[in-house]
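Residue-level listing of the chains:
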Amino acid sequence: GAGVSQSPSNKVTEKGKDVELRCDPISGHTALYWYRQRLGQGLEFLIYFQGNSAPDKSGLPSDRFSAERTGESVSTLTIQRTQQEDSAVYLCASSLIPSGGTQRYNEQFFGPGTRLTVL
Amino acid sequence: AQTVTQSQPEMSVQEAETVTLSCTYDTSESDYYLFWYKQPPSRQMILVIRQEAYKQQNATENRFSVNFQKAAKSFSLKISDSQLGDAAMYFCAYRSSPYIGGGADGLTFGKGTHLIIQP
């Protein structure tokens, strides 16, 4: 089975442009997460999806950031009017959340990330 | 909000020796998970080991073990018989207890420790 994939692997853009980053989760995984990793830092949680709804958007750094998910598959993270401080690696993860109740532990499987450079 | 602190930006160990990476965290919760992730240059985050806070027994996975001190809010990782392939960034991470009806939520990461293995 394929793991989490992300595209593009690297993206260089000019300040002020919009960018879209894509994440393909593991097939059947209902939960999807986006994280940002600035140079020399740990990962910052941005947003997660349960199915195609996003109950927790608290980590999005500004209203320039938005994310969508189609059903229980592909997700797109969009950054509008990019700034130099948006330069980072953006990592996606997915996990299997059984329906119908709580689950104490669901491992998050990570993709290889997209390195975004804003000039 | 929870915080995770890794006070060692870089550690170096001779091949076949043992090394311990430190992690402390701050939380007011009593039920949570702690993790150690490995991130090689490929950027892919790999789960090394996890610990459930309600379990007193320290987790062990082959050459990797943890020393979980709940009262002290300390969670160190011991790598025995270090191998060249262990060289990577290591991140300590925290996850709150699963919320009712879900079980999916973002991880809080430390800034990481760069582990160097000397041949």
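For the structure, see preceding data.
Residues numbered from 1 in each chain as written. Chains lettered and ligands numbered in written order. Predicted model: local features only at pLDDT ≥ 70, side-chain atom pairs only at ≥ 80, totals over all residues. Heavy atoms only, no water.

Peer 1: So what exactly am I meant to see when it comes to the sheet that holds strand β8 (residues 75-79) of chain A here?
Peer 2: Consider a sheet: its strands pair through backbone hydrogen bonds, and that pairing is either parallel or antiparallel. All names here are of chain A. With antiparallel pairing, four strands are arranged side by side in an open sheet as β1-β3-β8-β7. Unpaired on one side and paired on the other, β1 (5-7) and β7 (65-69) mark the two borders of the sheet. Along the sheet, successive strands turn relative to each other by an average axial angle of 15°, direction set aside. Sheet analysis places strand β3 (residues 19-24) next to β8, joined by five bridges and oriented antiparallel. Note that in β8 the partner of Arg22 across the bridge is Thr76. (Pairing = 2+ DSSP bridges. Helix = DSSP H or I, 4+ residues; strand = E, 2+ residues; numbered from the N terminus. Axes fitted to C-alpha atoms, helices over the stretch in contact; angles between N-to-C directions.)

Peer 1: What am I meant to see in the state of the cysteines here?
Peer 2: The term disulfide refers to a covalent linkage connecting the sulfur atoms of a pair of cysteines. In this structure the tally under the stated criterion is two disulfides over all chains. Disulfide pairing is shown between Cys23(A) and Cys92(A); the S-S distance is 1.8 Å. The disulfide joining Cys23(A) to Cys92(A) has a torsion of about -65° about its S-S bond and is therefore left-handed. Of the two residues, Cys23(A) sits in strand β3 while Cys92(A) sits in strand β9 (residues 88-95), which places them 69 residues apart along the sequence. Residue class for Cys23(A) comes out buried when judged on its relative accessible area of 0%. Covalently, Cys23(B) is tied to Cys92(B) through a disulfide, its sulfur atoms 2.0 Å apart. (Disulfide = S-S within 2.5 Å. Buried < 20%, exposed > 50% of the residue type's maximum accessible area, 1.4 Å probe, protein only.)

Peer 1: What should I look at first to understand the nonpolar core in this one?
Peer 2: In terms of nonpolar packing, the biggest core is built from 25 residues, with Tyr25(B), Trp36(B), Phe75(B), Leu77(B), Tyr90(B) and Leu115(B) touching the most fellow members. Elements represented by at least two residues in this core include exactly β3 (19-21), β5 (32-39), β6 (46-52), β8 (64-69), β9 (74-79), β10 (88-96) and β12 (113-118) of chain B. Examining the composition of this core, we find that four residues originate from one element, β10(B), more than from any other. For Leu115(B), the residues in contact, after removing those within four places along its chain, are Met11(B), Val13(B), Val19(B), Leu21(B), Ile79(B), Asp86(B), Ala87(B), Ala88(B) and Tyr90(B). Grouped together as the second largest cluster of nonpolar side chains are 20 residues, Leu21(A), Trp34(A), Leu60(A) and Leu116(A) included. (Core = buried A, V, L, I, M, F, W, Y, C linked by side-chain atoms within 4.5 Å. Contact = heavy atoms within 4.5 Å.)

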